[in-house]
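Letter by letter, the chains look like this.
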Amino acid sequence: MGKTYDSSDDDDLEYHPPTREEVFAQLEDWRQRLRKLYADIISWLPEGEGYETEICDYMTDEGPMRYVGVPPQPVPELRVFYHGELRLTFTPDACWIIGAGGQVLVHTHTTSHELYDSTSPFVEPGWRLIRKNRRNLSLGVQFLTRPFNRDEARGYLFDQQQLKDLMEPAHG
Amino acid sequence: MDEFTLILNCHGIYDDFMVAKVRDCTDELDNENDRAMVKLFWHRNRQVNDHAYFCLLAFQLEQFVKYSFARLCDRRLMMAASPDRIAWERVKAQKTDFLTMLRFLLPQDTHLYDRARELYRDRNKIAHEAELSLPIQMSATQRDIEVITTRIKTTLSTLEAAP
């Protein structure tokens, strides 16, 4: 092998919970990423076709915040209406999440999809959408015989087309 | 279907169920306090579900690394000249910890090693210290594990194809 392996970096296997300052800094960064995402979504909606949006506060309360004694904090939530009817709600689910840089739940009438910030080093940075098509909830023969779609399970890069698909009422 | 995918599927079934519960309570309950309590209940349940299946994924990864390390030792033993053989025999016979095995199998200057180490750290945190306060993005985790295992498989097959 020709190389001596150094074990000194093993010391850092400890989990270091964030400090109060770090919690606030990360929350501010989370708010900025969410605002950027919502700005993109709003720009993707076709103008003059009856779409309206509303951004309101959602109170988030996560493990690291409780750890350092920070009370629930407001983060922006986006609601998309179509001719006055609520179609999509983008609810910030987690700022601290193992395996991703953050996660938003996209609620439609019938189901909730996962939209996560893939800051994982192997995938291109950006928001990826994992669609839940309720097949898991029914557990019928259809679920058992349907071929497993890897891309579907790992999520697609979230873009205008993905947003358009979510808007279709038939999609759910 | 590989074990990793099977685990992810099992996780998804109950996760979807709990997300649906949170959605339903928004429609069914008028009282804001009740809603918050029900949401917190399912939220915490979701996290425990995440952690349980995350551990299963991590254990599968560990088994894979152990198995791959044994293959690597066998191959190195076959290839090595006599002074190195003794070293490899010793490596093979001793109990090797997970990170050392990883260092043999993955290039350390890549994200892969860092990510595998991170997974191991999170798994230790959950399994040994019962730290259940962080949710997990399971699909991204599974994809990362797949990239790691694919890289190890490539390393091994290159080595085994060498004369």
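So, a few notes on the structure that sits alongside this text.

How each quantity is defined
Residues numbered from 1 in each chain as written. Chains lettered and ligands numbered in written order. Predicted model: local features only at pLDDT ≥ 70, side-chain atom pairs only at ≥ 80, totals over all residues. Helix = DSSP H or I, 4+ residues; strand = E, 2+ residues; numbered from the N terminus. Buried ≥ 20, exposed ≤ 12 C-beta atoms within 10 Å, placed from the backbone. Contact = placed C-beta atoms within 7 Å. Axes fitted to C-alpha atoms, helices over the stretch in contact; angles between N-to-C directions. Parallel < 35°, antiparallel > 145°, perpendicular 65-115°, else oblique. Nonpolar A, V, L, I, M, F, W, Y, C, P; charged D, E, K, R; others polar. Pairing = 2+ DSSP bridges. Core = buried A, V, L, I, M, F, W, Y, C linked by C-beta atoms within 7 Å.

Regarding its fold elements, chain A presents six helices and seven strands. When the helices and strands of chain A are listed from N to C terminus, the series reads α-β-α-β-β-β-β-β-α-α-α-β-α. A buried classification covers 27% of the 172 residues belonging to chain A. Residue pairs at least 24 apart in sequence account for 45% of intrachain contacts in chain A once pairs closer than 6 positions are excluded.

With respect to the helices and strands, the residue B:Ser133 is situated in the loop between α5 (111–129) and α6 (138–161). Of the residues examined, B:Ser133 has 16 C-beta atoms within 10 Å and is grouped as partly exposed. Not counting the four nearest positions on each side in its chain, B:Ser133 is found in contact with A:Gly63 and A:Tyr67.

Quick look at the packing of helix α1 (residues 3–28) of chain B against helix α2 (residues 32–79) of chain B now. Residues and elements named next belong to chain B. Look at α1 against α2: their axes get within 9 Å of each other, and the N-to-C directions meet at 175 degrees. Relative to α2, the element α1 lies roughly antiparallel. Every residue of α2 that contacts α1 at Glu3, Phe4, Ile7, Cys10, His11, Tyr14, Asp15, Met18, Lys21, Val22, Cys25 and Thr26 is listed here: Arg35, Val38, Lys39, Trp42, Asn45, Arg46, Asn49, Tyr53, Leu56, Leu57 and Gln60. Of the residues in the contact of α1 with α2, the class split is 12 nonpolar, five polar and six charged.

Next up on the list: the sheet that holds strand β6 (residues 127–130) of chain A. Residue and element names in this part refer to chain A. Spatially, β1-β2-β3-β4-β5-β6-β7 is the arrangement adopted by the seven strands of the open sheet, whose pairing is antiparallel. What marks the edges here is a single partner per strand, and that holds for β1 (51–60) and β7 (156–157). Pairing of strand β3 (residues 85–94) with strand β4 (residues 103–107) involves five bridges; the strand directions are antiparallel. For Thr91, the partnering residue across the bridge sits in β4 and is Leu105.

Another aspect to go through is the pairing of β6(A). Residues and elements named next belong to chain A. Bridging between strand β5 (residues 112–117) and β6 involves four bridges; their strand directions are antiparallel. Bridge pairing in β6 places Asp117 opposite Trp127. Pairing geometry for β6 and β7, over two bridges, is antiparallel. Considered in β7, the bridge of Leu129 is made with Tyr156.

Time to look at the nonpolar core. Formed by 49 residues in total, the largest nonpolar core has its most connected members in A:Ile97, B:Phe54, B:Leu57 and B:Leu105. Sorting elements by how many residues they give to this core places α2(B) first, with eight residues. Excluding its chain neighbours within four sequence positions, the residues that come into contact with B:Leu105 are B:Val65, B:Ser68, B:Phe69, B:Leu72, B:Ile152 and B:Thr155.

Let us now look at the environment of B:Arg117. Residue and element names in this part refer to chain B. Position of Arg117 relative to the elements: it lies in helix α5. When the 20 C-beta atoms within 10 Å are taken as the criterion, Arg117 is described as buried. Separated by 15 residues in sequence, Arg117 and Leu102 have C-alpha atoms that sit 8.4 Å apart.

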